[in-house]
Amino acid sequence: MQNQLVIYNTLTRTKEKFEPLNKGLVGLYVCGPTVYSDVHLGNCRTFISFDLIYRYLLLLGFKVRYVRNITDAGHLEGDRDEGEDKFAKKAKLEQLEPMEIVQKYTLGFHDVMREFNNLPPSIEPTATGHICEQIEMVKKIISNGYAYEVNGTVYFDVEKYNKEFPYGQLTNRQLEDLIANTRELSGQDEKHGRLDFALWIKAKPEQIMRWPSPWGWGFPGWHIECSAMSSKYLGDTFDIHGGGMDLQATHHTNEIAQSQACNHKAPVKYWMHTNMLTVNGVRMSKTAGNGFLPGELFTGNHPLLEKGYSPMAVRFFMMQTHYRSTLDFSNDALQASEKGYARLAAAVKTAENLKTSATSTSNIQELEKNCFDAMNDDFNAPILVSHLFEGARIINSVNDGKETISEADLVLLKKLMHDFVFDVLGLKSEISNTSSDNALQGVMEIILEIRKEIKSKKDFAASDKLRDNLNKINITIKDTKDGAVWSLTAGE
RNA sequence: GGUCCUGUGGCCGAGUGGCUAGGCUCAGCUCUGCAAAAGCUGCUACAGCGGUUCGAAUCCGCUCGGGACCUCCA
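What you are looking at is a predicted structure, and each value in this text was computed from that prediction instead of being measured.

Draft legend 1. Quick peek at the overall build of chain A. A tally of regular secondary structure across chain A gives 16 helices and 15 strands. In terms of overall dimensions, chain A has C-alpha extents of about 95 × 50 × 35 Å along its principal axes. Here chain A holds 492 residues, and 51% of them are scored as buried. Taking the intrachain contacts of chain A between residues at least 6 apart in sequence as the baseline, contacts between residues at least 24 apart amount to 73%. Carbon and sulfur atoms form 51% of the exposed surface of chain A, whose accessible area is close to 22,500 Å². Of the charged side chains in chain A, 55 are positive and 64 negative; the average position of the first set lies 3 Å away from that of the second.

Pasting the structure below:
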């Protein structure tokens, strides 16, 4: 383990030393998507942020069990436990079975995650696959006295819970304030308290997605699935629970309450929340209608986009902002990232063929330390990136013969660039001249040879035309002092 | 209304009480047949007003602006 990792814990609102409950092991749970529609870029940001966190924990040598759920049932519109089921509504809209909706958007989600080069979680449990566990948990909460049943629906008794535990601790709020901001219960409301929320919900007669329970046919409330699945796979108390900041006030607050009420233990040691992606300063969300779909971004097929951006350019764009800061989305910012990333990636490639000398003009060990220090400080990727550009500068300077590097330092430099650029930031090269197409390799060698002959005859008009035309089909030729080289750039 | 976050140079974004991340853009230079790439140099900063301090963009107060959560959303 390189030095000491520090994590900002939402629970205490401070940075704390990271000490896993079990030495060398990390239990990580992240709230996954509700698969009733396409994931937009804001959703992706959260998963990319936690992918970075997961990857860095792995680099540090931890054995990480990363659990990220798929919500495929029980998520109502509106958290008043009275809205329409999201899946049922969408199913009606698309004239499909609810589980067809689930399947369709789960597959889409996985495709997008793969495009962004996110590592798959260790376990990806679904709510519908854990109905029994959720029912058992609800039963236990009732027998522990923190929940009650009314007409087939089970509610969590927030006010009773709050007498023993600080219900609003995750958002630093007092119960009285929370109650003051909640509307009055109507006469027909089944809840005892204004803040009470459903653990189990009675199904309406027409509902397809329903299961038998001690309280009749119904389906689980949204919050209970995460509590049930996280404790099943990670234990009653585990290391890190993450999610978007928008889940903090309601979903995570209720998760803590449920788990505590059920298991008599605080479920999580470190709560981590990622900030939102904004468009023109306003949060990207499904309901605001300002969401970008990843596909639109890659193709540039969106009114707000001037062109398409590759998945890695977008990922790099996100890596240049800390996960707890909002990130504003714009063409200019995206273009800057695209170019910056191309330069960084090119340097990593250049490092493969550097000549070594007896001594180094740069301190590579210090550079390595700086990289670890940056990530150890609550996963500060933007600082890491700045150090990686220092690495790129060194590589390019050595390549130009302006600086030197020793054999040992080059090995270290190559390793750290590889570790941090590919393994931690999760980027992958999009430029290539090592095309698997042998025919193309051969053709390019012939073309460069012919162009060399043309150039030696000083027919620059012809050689430039060749270069320009190749450029149009995404083949770039550069004339270096050691001769011409070519590379294939990712097409749009 | 309540609970918070935030306002950095042309743009995006880090950051610590004093030593001014980084990327992109722009200008100049080196290299080059020209490009490209690369390197070097330069250019505009810390919303405003007070206060604490030897010293603050960084701490405190106020003003103005932006945003989030409290209602589903990663």
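On we go from here.
Draft legend 2. Molecular detail of the confidence of the model for chain A. For chain A, the average pLDDT comes to 89, and 95% of its residues sit at 70 or higher. Predicted confidence in chain A is weakest over helix H6 (residues 175–180), with a mean pLDDT of 80, and strongest over strand E4 (residues 63–68), with 97.

Draft legend 3. A look at the sheet that holds strand E6 (residues 153–156). Spatially, E5-E6-E7-E8 is the arrangement adopted by the four strands of the open sheet, whose pairing is antiparallel. Of all strands in the sheet, those bounded by a partner on one side alone are strand E5 (147–150) and strand E8 (218–220). Ignoring which end each strand starts from, the neighbouring axes of this sheet average 20° apart. Sheet topology places E6 next to strand E7 (residues 197–202); three bridges connect them, and they run antiparallel. By the bridge assignment, Val154 is partnered in E7 with Trp200. Against the sheet, helix H4 (residues 131–143) makes contact with E5, E6, E7 and E8, and its axis sits at roughly 120° relative to E7, the strand it touches most.

Draft legend 4. Looking closely at the pattern of salt bridges. Taken as a whole, this structure holds 21 salt bridges when the rule is applied. Glu338 is the salt-bridge partner of Lys307, the closest N and O atoms lying 2.8 Å from each other. Highlighted residues: Lys307 in the loop between helix H9 (294–299) and helix H10 (311–319) and Glu338 in helix H11 (residues 331–350), separated in sequence by 31 residues. For Lys307, a relative accessible area of 27% corresponds to the partly exposed category. Each of Arg451, Lys455, Asp464, Arg467 and Asp479 takes part in one network of salt bridges that share partners.

Draft legend 5. Inspection of the domain arrangement of chain A at higher detail. Examined at the domain level, chain A breaks down into domain 1 (6–274), domain 2 (278–424) and domain 3 (438–488). For domain 2 versus domain 3, the distance between C-alpha centres works out to 29 Å.

Draft legend 6. Representation of the environment of Thr253. Structurally, Thr253 is set in helix H8 (residues 248–263). Between the C-alpha atoms of Thr253 and Val443, which are 190 residues apart in sequence, the distance is 62 Å.

Draft legend 7. Representation of the nonpolar core within the structure. With 88 residues, the main nonpolar core has Leu41, Phe329, Leu388 and Phe420 as its most contacted residues. Ranked by residues supplied to this core, first place goes to helix H1 (residues 41–59) with 10 residues. Excluding its chain neighbours within four sequence positions, the residues that come into contact with Leu41 are Phe116, Leu277, Met284, Phe292, Pro294, Leu297, Val314, Met318 and Phe329. Met209, Trp222, Phe238 and Ala261 belong to the second largest nonpolar core, which has 48 residues in total.

Draft legend 8. Spotlight on the side chain of Asp239. Here Asp239 lies in strand E9 (residues 238–244). Although Asp239 is buried, it makes no salt bridge; Lys269 carries the closest opposite charge, 5.7 Å away. Within the local environment of Asp239, its side chain forms a polar contact with the backbone nitrogen of Gly27, the two atoms lying 2.9 Å apart.

Draft legend 9. Region of interest: the pairing of E5. Note: E5 against E6, four bridges, orientation antiparallel. Counterpart to Ala147 in the pairing with E6 is Phe156. In this antiparallel pair of consecutive strands, E5 and E6, the connection spans two residues, and Asn151 shows a positive phi of 50°.

Draft legend 10. Quick look at the side chain of Thr253. A residue is classified by how much of its surface remains accessible, and Thr253, at 3% relative accessible area, is buried. With near-sequence residues (within four places) excluded, Thr253 lies in contact with Tyr167, Leu170 and Gln248.

Draft legend 11. Representation of the environment of Trp217. Relative to the assigned elements, Trp217 resides in the loop between E7 and E8. For the pair formed by Trp217 and Tyr56, sequence separation is 161 residues and the distance between their alpha carbons is 44 Å. With residues near it in sequence (within four places) discarded, Trp217 still touches Lys202, Ala203, Arg210, Trp211 and Pro212.

Draft legend 12. Seen up close, unusual backbone geometry. Notably, Asp378 is not glycine yet its phi reads approximately 55°, a positive angle. With respect to the helices and strands, the residue Asp378 is situated in the loop between helix H12 (364–376) and helix H13 (381–399). By relative accessible area, Asp378 is classed as buried at 0%. At Asn474, a position not held by glycine, the phi torsion is positive, near 65°. Within the secondary structure layout, Asn474 lies in the loop between helix H16 (460–472) and strand E14 (475–480). Under the relative-accessibility criterion, Asn474 is labelled partly exposed at 31%.

Draft legend 13. Highlighting the packing of aromatic side chains. All told, the structure shown has 21 aromatic pairs when counted by the stated rule. On the basis of an interplanar angle of 55° and a centroid distance of 5.1 Å, the ring pair of Phe18 and Tyr270 is categorised as tilted. Of this pair, Phe18 sits in the loop between strand E2 (14–17) and strand E3 (25–30) while Tyr270 sits in strand E10 (residues 268–274), and the two are 252 residues apart along the sequence. When its relative accessible area of 4% is taken as the criterion, Phe18 is described as buried. Overall, the relative accessible area of 1% leaves Tyr270 in the buried class.

The rules behind these values
Residues numbered from 1 in each chain as written. Chains lettered and ligands numbered in written order. Predicted model: local features only at pLDDT ≥ 70, side-chain atom pairs only at ≥ 80, totals over all residues. Heavy atoms only, no water. Helix = DSSP H or I, 4+ residues; strand = E, 2+ residues; numbered from the N terminus. Buried < 20%, exposed > 50% of the residue type's maximum accessible area, 1.4 Å probe, protein only. Contact = heavy atoms within 4.5 Å. Areas by Shrake-Rupley, 256 points an atom, 1.4 Å probe, with all protein chains shown as cover. Lys, Arg positive; Asp, Glu negative; His and termini not counted. Charge placed at Lys NZ, Arg CZ, Asp CG, Glu CD. pLDDT = per-residue confidence, 0-100. Pairing = 2+ DSSP bridges. Axes fitted to C-alpha atoms, helices over the stretch in contact; angles between N-to-C directions. Salt bridge = Lys/Arg side-chain N within 4 Å of Asp/Glu carboxyl O. Domains from an automatic or database assignment. Core = buried A, V, L, I, M, F, W, Y, C linked by side-chain atoms within 4.5 Å. Polar contact = N/O pair within 3.5 Å; in protein donor to acceptor, adjacent residues only side chain to side chain. Phe/Tyr/Trp six-rings, centres within 6.5 Å; stacked < 30°, edge-to-face > 60°.

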